[in-house]
Amino acid sequence: MTAGSGTQEPATGRRTPGAQLLGLLVFLAASAMVAGLGGLATANNVNGWYATADKAPWSPPNWVFGPVWTILYIAMAVAAWLVWRRRSDGTRPALTAYAVQLALNVLWTPLFFGLYPALGTPALWIAFGIIVALAVAVAVTVLYFGPISRTAGLLMLPYLTWIVFASSLNLWAALNN
């Protein structure tokens, strides 16, 4: 039984503790890679064009983004690992949805931050289209994860919330820059 849920989650199959640890490390490494790529795209532009951009009045200070993303990337990795270790019929489509949202995540940052100096406002609109697709992909991932592991589905909800919030910041930037 899962604590507090009243539902029984499927067993983890025949994966050894070593395989389980390796799986967790792989998911954490994938998240770290996406975070690192995003950081590279952001580093040169946060203090460049973005520093003088017209930002939404509800935009948090830049220092907030690093800690928030760190927590979200860890939660995402743990959620994917929880689904991976269940080995249910829905695991493959759930992890495929996870991979799609991860790919969209890695695309957004260089489009938003990196292309603006070259393309101007159209880059922000392209990035907005990507982040809306990302929000949909994360919602689909939550819907796939939830039946396999309630905890995994719940771990993805703060990420979905942040993506919707980030979408509002992206939209403001596209409308006002």
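Residues numbered from 1 in each chain as written. Predicted model: local features only at pLDDT ≥ 70, side-chain atom pairs only at ≥ 80, totals over all residues. Heavy atoms only, no water.

Turning our attention to the overall build of the chain. In terms of helices and strands, the chain carries 7 helices and 0 strands. Along the chain, from the amino end to the carboxyl end, the secondary structure elements read α-α-α-α-α-α-α. Principal axes of the C-alpha set define a box for the chain whose edges measure 55 × 30 × 25 Å. Of all 177 residues assigned to the chain, the portion counted as buried reaches 45%. In the chain, of all internal contacts separated by at least 6 residues, the share reaching a separation of at least 24 is 80%. (Helix = DSSP H or I, 4+ residues; strand = E, 2+ residues; numbered from the N terminus. Buried < 20%, exposed > 50% of the residue type's maximum accessible area, 1.4 Å probe, protein only. Contact = heavy atoms within 4.5 Å.)

Of the residues in the chain, 92% reach a pLDDT of 70 or more, and the chain-wide mean stands at 89. Note that residues 1-10 has pLDDT below 50 and, in this model, 15 contacts with residues that lie over four places away or in other chains. (pLDDT = per-residue confidence, 0-100.)

Here the focus is the nonpolar core. In this structure, Phe112, Phe145, Met156 and Tyr159 are the most contacted members of the largest nonpolar core, which totals 52 residues. For this core, the leading source of residues is helix 3 (residues 62-86), giving 13 residues. With residues up to four places along the chain from it excluded, the contact list for Phe145 reads Ala79, Ala80, Val83, Ala94, Leu95, Tyr98, Ala152, Gly153 and Met156. (Core = buried A, V, L, I, M, F, W, Y, C linked by side-chain atoms within 4.5 Å.)

Turning our eyes to something else, we now look at helix 1 (residues 17-46). Because an α-helix packs 3.6 residues into every turn, residues spaced three or four apart end up facing the same way. The terminal C-alpha atoms of helix 1, which comprises 30 residues, lie 42 Å apart, in line with the 44 Å expected from a rise of 1.5 Å per residue. All buried positions along helix 1 are accounted for by Gln20, Gly23, Leu24, Phe27, Ser31, Val34, Gly38, Ala41, Thr42, Asn45 and Val46. Buried residues belonging to helix 1 abut helix 2 (49-52), helix 3, helix 4 (91-114) and helix 5 (116-119). (Expected span 1.5 Å × (residues − 1).)

Right, let's talk about unusual backbone geometry for a bit. Not every positive phi belongs to a glycine, and Arg87 is a case in point at roughly 55°. Tracing the backbone shows Arg87 in the loop between helix 3 and helix 4. Arg87 gets classed as partly exposed once you look at its relative accessible area, which sits at 45%.

Contact geometry for helix 4 and helix 6 (residues 121-148): axes closest at 8 Å, N-to-C directions at 160°. Looking at the two axes, helix 4 sits roughly antiparallel to helix 6. As for how helix 4 packs across helix 6, the hand of that crossing is left-handed. Classifying every residue of the contact of helix 4 with helix 6 by side-chain character gives 25 nonpolar, 4 polar and no charged. (Axes fitted to C-alpha atoms, helices over the stretch in contact; angles between N-to-C directions. Parallel < 35°, antiparallel > 145°, perpendicular 65-115°, else oblique. Left-handed = near helix turned anticlockwise from the far one by under 90°. Nonpolar A, V, L, I, M, F, W, Y, C, P; charged D, E, K, R; others polar.)

Let us now look at the environment of Gly38. Counting through the fold element by element, Gly38 comes out in helix 1. Considering only alpha carbons, one finds Gly38 and Val26, 12 residues apart in sequence, at a separation of 18 Å.

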